[in-house]
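Given next are the chains, with one letter for each unit.
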Amino acid sequence: MQGRDAEYMKAACMAATFSKDPVTRVGSVLVDGAGVFERGYNNIPDYLYSDIRSISRFEKQSIVIHAERDAILRAARFAKKTMGHTIYSTWLACPRCAVDIIQSGIKRAVGHRRCLTLTPKRWTGQIGQGVQILRKGGVRVDWLEEDCGVEILFNGKKVLL
Ligand SMILES: [Zn+2]
C-alpha cells in the first residue's frame, strides 16, 4: 500500500455519504499526483428521477450509475484527465465499472477490504469477475485494510470502514 491510501479512501467514504441509495452507498475518488480531483457515488441521472428511493430494484439496475463510473463521467464532464491516475472506491468493482476504469486509462484501483469481505452472495460472482478484468487490463488492484473512521451504508447495514 502507499502512504496516503487511507486518506484517499476516507475521501471515497465521504463521497459515499452523498448517495441516496437505501441499501448500499458506494463512493469513489480519482486521485492524481496533487490529490483528489473528482468524486463519484452511486446514483441516477438527475433528470430521470429526483429520488433514487422512488424506483424499483429492477428499474434501478438498468439506470443506476455506479460510483466508479460516476467519478469517471464527472471527470469527463469537466475535461479532467483520468489517464495514468488512481481510483479509490469503497466497493470495487463490477465488470461494467472495471472496463470503464481500464478504458479511461486509470492504472491503479484501490478498494476497501471490509467491503470486499462483506460482498453479498448475489454480487460475489460479479465482483470477482470485475477484479479479474481489472488485472487483465493492466490495472494494479490493492485492498486497504486500515480503518478510515467513516460509517457507510452497505447491503442495508451500517458498516464502519
Ligand atoms: Zn460498477
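Note: the structure precedes this text.
Rules used throughout
- Residues numbered from 1 in each chain as written.
- Predicted model: local features only at pLDDT ≥ 70, side-chain atom pairs only at ≥ 80, totals over all residues.
- Pairing = 2+ DSSP bridges.
- Helix = DSSP H or I, 4+ residues; strand = E, 2+ residues; numbered from the N terminus.
- Axes fitted to C-alpha atoms, helices over the stretch in contact; angles between N-to-C directions.
- Core = buried A, V, L, I, M, F, W, Y, C linked by C-beta atoms within 7 Å.
- Buried ≥ 20, exposed ≤ 12 C-beta atoms within 10 Å, placed from the backbone.
- Contact = placed C-beta atoms within 7 Å.

Draft legend 1. Spotlight on the sheet that holds strand 1 (residues 27–32). Here five strands make up an open sheet; going across it, the order is 2-1-3-4-5 and the pairing mixed. In this open sheet, the two edge strands, each paired with only one partner strand, are strand 2 (35–41) and strand 5 (140–144). Neighbour-to-neighbour, the strand axes of this sheet turn through a mean angle of 20°, independent of strand direction.

Draft legend 2. Molecular detail of the nonpolar core. Counting 37 residues, the largest nonpolar core has M9, A12, V29, Y88, A93, I101 and A109 as its most contacted members. When residues of this core are traced back to their parent elements, those giving at least two are helix 1 (5–16), strand 1, helix 3 (67–77), strand 3 (86–89), helix 4 (95–103), strand 4 (108–112), helix 6 (121–136) and strand 6 (151–154). Broken down by element, this core gets its largest block of residues, seven residues, from helix 1. In this structure A93 touches E68, A98, I101, A109, G130, V131 and L134, once residues within four positions along its chain are discounted.

Draft legend 3. Here's a closer look at the environment of V139. Mapped onto the secondary structure, V139 falls in the loop between helix 6 and strand 5. According to the C-beta neighbour criterion, V139 is buried, with 20 such atoms within 10 Å. Sequence-wise, V139 and T86 are 53 residues apart; in three dimensions their C-alpha atoms are separated by 9.3 Å. Not counting residues within four places of it along the chain, the set of residues in contact with V139 comprises I101, I102, I106, K107, R108, A109 and L134.

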